[in-house]
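Listed here are the chains, written in short residue letters.
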Amino acid sequence: MSEFDPDFEGAWDEYEWERFLRQQDQNTEKYLGLLDKYMDHPERDQIIAREMGWSDWASTLPDSLEEEVERYLDEDADEEEDDSSFETFAQTPLYQETLKLHDYISKLFKKNPAFEDNTDALLLATSSAVCGAKLAAALCDEDSVELGMTIAYLKRGLKAVHDAMESGHRLVAKNLITRRQLGTLLRRIFRIRNAIIELMGQYRAEWRKRHGSGDQA
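Undergrad: I'd like a description of the overall build of the protein, backed by residues and values.
TA: When helices and strands are counted, the protein shows nine helices and zero strands. When the elements of the protein are put in sequence order from the N terminus, they spell out α-α-α-α-α-α-α-α-α. Looking at the protein residue by residue over its 217 residues, the buried ones come to 41%. Relative to all contacts within the protein whose residues are 6 or more apart in sequence, the contacts with residues 24 or more apart total 63%. About 13100 Å² of surface is accessible on the protein, with carbon and sulfur atoms providing 48% of the total.

Have a look at this one:
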C-alpha cells in the first residue's frame with residue numbers, strides 16, 4: 001500500500017483512509033514519545049512543535065499546540081453530537097455483541113488470577129476493547145457521509161477480533177482456558193466477525209453505487 005497523499009483530491013476510498021489513519025497513528029506515537037522525552041524541558045512546547053513540523057507555534061502558543069494535539073489524538077470538539085451518535089450505535093445488535101464478548105472475557109479474568117500477568121490474556125482483553133472502539137468510530141456516523149472512513153475502521157475492528165481469536169488459541173495451548181471456554185469465546189468472536197464482514201460488503205456496495213466501480217487501490 002502506498003503512502004498517504006495529503007493532496008489527494010476527490011472522495012477518499014477505504015485505502016486512502018487506511019493510509020491516513022496509519023499516518024495518524026505514527027504521528028500520535030511520535031508526539032507521545034517526544035512528550036515523554038521532553039516533559040520537564042523548559043522549552044518543551046517549542047521543541048515538540050519543531051520536531052512535529054508544526055509551523056507558526058510562537059505566534060499562537062499554547063492555542064495552536066493544543067489544536068494540533070487534539071487533531072492528532074482524534075479528539076472531537078462537538079461532544080454532544082458524538083454522545084447522541086454513540087447512544088444510537090450502542091443500541092445496535094453488533095455493539096451489544098461486543099459487550100457480551102467483553103463481559104465473558106471479564107469473567108475469565110475473575111476465574112483465573114494468572115490472567116493478570118499473562119501477555120496473551122491481556123492482548124485478548126485489549127483486542128476486545130479495541131474492536132468496540134473501532135466499531136464505534138465506524139458506525140457512529142449516522143449519515144454515512146465518509147464511506148471510505150467507515151470501511152477503514154471496520155477493517156480495524158476486524159483485525160482486532162482476529163487478534164482476540166489468536167490470543168484465545170494461545171491461551172488454550174497453555175492450558176489457561178479449557179477447550180469449552182475457547183469454544184464459547186470463538187462463538188462470540190465469530191458473531192462479531194461475520195457481522196463486520198457483512199457490513200463491509202454493504203458499505204462497499206454503497207461506495208460503488210455512489211462513486212463507480214473503478215479500482216480503489
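Undergrad: Hey, could you go over helix α2 (residues 44–52) for me, with residue numbers and the actual values?
TA: Within the span of α2, buried status applies to D45, I47, I48, A49 and M52. Note on α2: the residue one or two positions beyond its end, G53, has a positive phi of about 80 degrees.

Undergrad: Would you mind going over the packing of helix α7 (residues 119–139) against helix α9 (residues 179–211) in detail, with residue names and values included?
TA: At a minimum axis distance of 13 Å, the contact between α7 and α9 shows a crossing angle of 25 degrees. Taken together, the axes of α7 and α9 are roughly parallel relative to one another. The two elements α7 and α9 cross, and the hand of that crossing is left-handed. On the side of α7, the interface is formed by L124, C131, L135 and L139, while α9 contributes L185, I192, I196, L199 and Y203. Residue classes in the contact of α7 with α9 are distributed as nine nonpolar, no polar and no charged.

Undergrad: Summarise α7; cite the residues concerned and give the values.
TA: For α7, with 21 residues, the first-to-last C-alpha span of 30 Å sits near the 30 Å given by 1.5 Å per residue. Among all positions of α7, only D120, A121, L124, S127, S128, C131, G132, L135, A136, A138 and L139 are buried. The backbone nitrogen of D120 has a side-chain oxygen 3.0 Å away, supplied by the residue at the start of α7, namely N118.

Undergrad: Break down the packing of aromatic side chains for me, with residues and values.
TA: Taken as a whole and judged by the stated rule, the model has four aromatic pairs. Measuring from ring centre to ring centre gives 4.8 Å for W12 and W17, while their planes differ by 65 degrees; the resulting arrangement is edge-to-face. For the residue pair W12 and W17, the accessibility class agrees, reading buried in each case. When the ring of W12 is compared with that of F20, the centres are 5.4 Å apart and the planes differ by 55 degrees; the resulting orientation is tilted. Overall, the relative accessible area of 17% leaves W12 in the buried class. An aromatic cluster is defined as three or more aromatic residues linked by ring pairs; in this entry it consists of W12, W17 and F20.

Undergrad: Pulling in residues and values, what's your account of the nonpolar core?
TA: Of all hydrophobic cores here, the largest spans 46 residues; its most connected members are L135, L139, L154, L185, I189, I192 and I196. With 13 residues, the top contributor of residues to this core is helix α8 (residues 147–173). Residues in contact with I192, not counting those within four places in the same chain, are L94, E97, T98, L101, C131, L135 and V161. L34, Y38, I47 and A49 belong to the second-largest nonpolar core, a separate cluster that totals nine residues.

Undergrad: Break down the pattern of salt bridges for me, citing the residues and quoting the values.
TA: Going through the model one piece at a time under the given rule, you end up with eleven salt bridges. Notably, a salt bridge pairs K155 with E14, separated by 2.9 Å at the nearest N-O pair. Taken as a pair, K155 in helix α8 and E14 in helix α1 (residues 14–37) lie far apart in primary sequence, 141 residues in all. Its salt-bridge partner being R170, residue D120 comes within 2.7 Å of it at the nearest N-O pair. You can see D120 sitting in helix α7 and its partner R170 sitting in helix α8, a full 50 residues away along the chain. Residue classification places R170 among the partly exposed residues on the basis of a relative accessible area of 31%. Beyond isolated ion pairs, a larger network of salt bridges with shared partners links E14, E18, K155 and R204.

Undergrad: Hey, could you go over the side chain of K155 for me, with residue numbers and the actual values?
TA: Among the polar contacts listed, one links the side chain of K155 to the side chain of E14, at a separation of 2.9 Å. In contact with K155, other than residues within four places in its own chain, are E14, Y15, E18, M200 and R204.

Undergrad: Now, about the packing of helix α6 (residues 93–111) against α7: what can you tell me, with residues and values included?
TA: The geometry of α6 relative to α7 is characterised by a closest axis approach of 10 Å and an angle of 165 degrees between their N-to-C directions. One element, α6, and the other, α7, form an angle in the roughly antiparallel class. By crossing handedness, the relation of α6 to α7 is classed as left-handed. Between α6 and α7, the residues in contact are L94, T98, L101, H102, I105 and F109 and A121, L122, L124, A125, S128, L135 and L139, respectively.

Rules of the game
- Residues numbered from 1 in each chain as written.
- Predicted model: local features only at pLDDT ≥ 70, side-chain atom pairs only at ≥ 80, totals over all residues.
- Heavy atoms only, no water.
- Helix = DSSP H or I, 4+ residues; strand = E, 2+ residues; numbered from the N terminus.
- Buried < 20%, exposed > 50% of the residue type's maximum accessible area, 1.4 Å probe, protein only.
- Contact = heavy atoms within 4.5 Å.
- Areas by Shrake-Rupley, 256 points an atom, 1.4 Å probe, with all protein chains shown as cover.
- Axes fitted to C-alpha atoms, helices over the stretch in contact; angles between N-to-C directions.
- Parallel < 35°, antiparallel > 145°, perpendicular 65-115°, else oblique.
- Left-handed = near helix turned anticlockwise from the far one by under 90°.
- Nonpolar A, V, L, I, M, F, W, Y, C, P; charged D, E, K, R; others polar.
- Expected span 1.5 Å × (residues − 1).
- Polar contact = N/O pair within 3.5 Å; in protein donor to acceptor, adjacent residues only side chain to side chain.
- Phe/Tyr/Trp six-rings, centres within 6.5 Å; stacked < 30°, edge-to-face > 60°.
- Core = buried A, V, L, I, M, F, W, Y, C linked by side-chain atoms within 4.5 Å.
- Salt bridge = Lys/Arg side-chain N within 4 Å of Asp/Glu carboxyl O.

Everything listed here is a matter of coordinates, which is why it stays silent on function.
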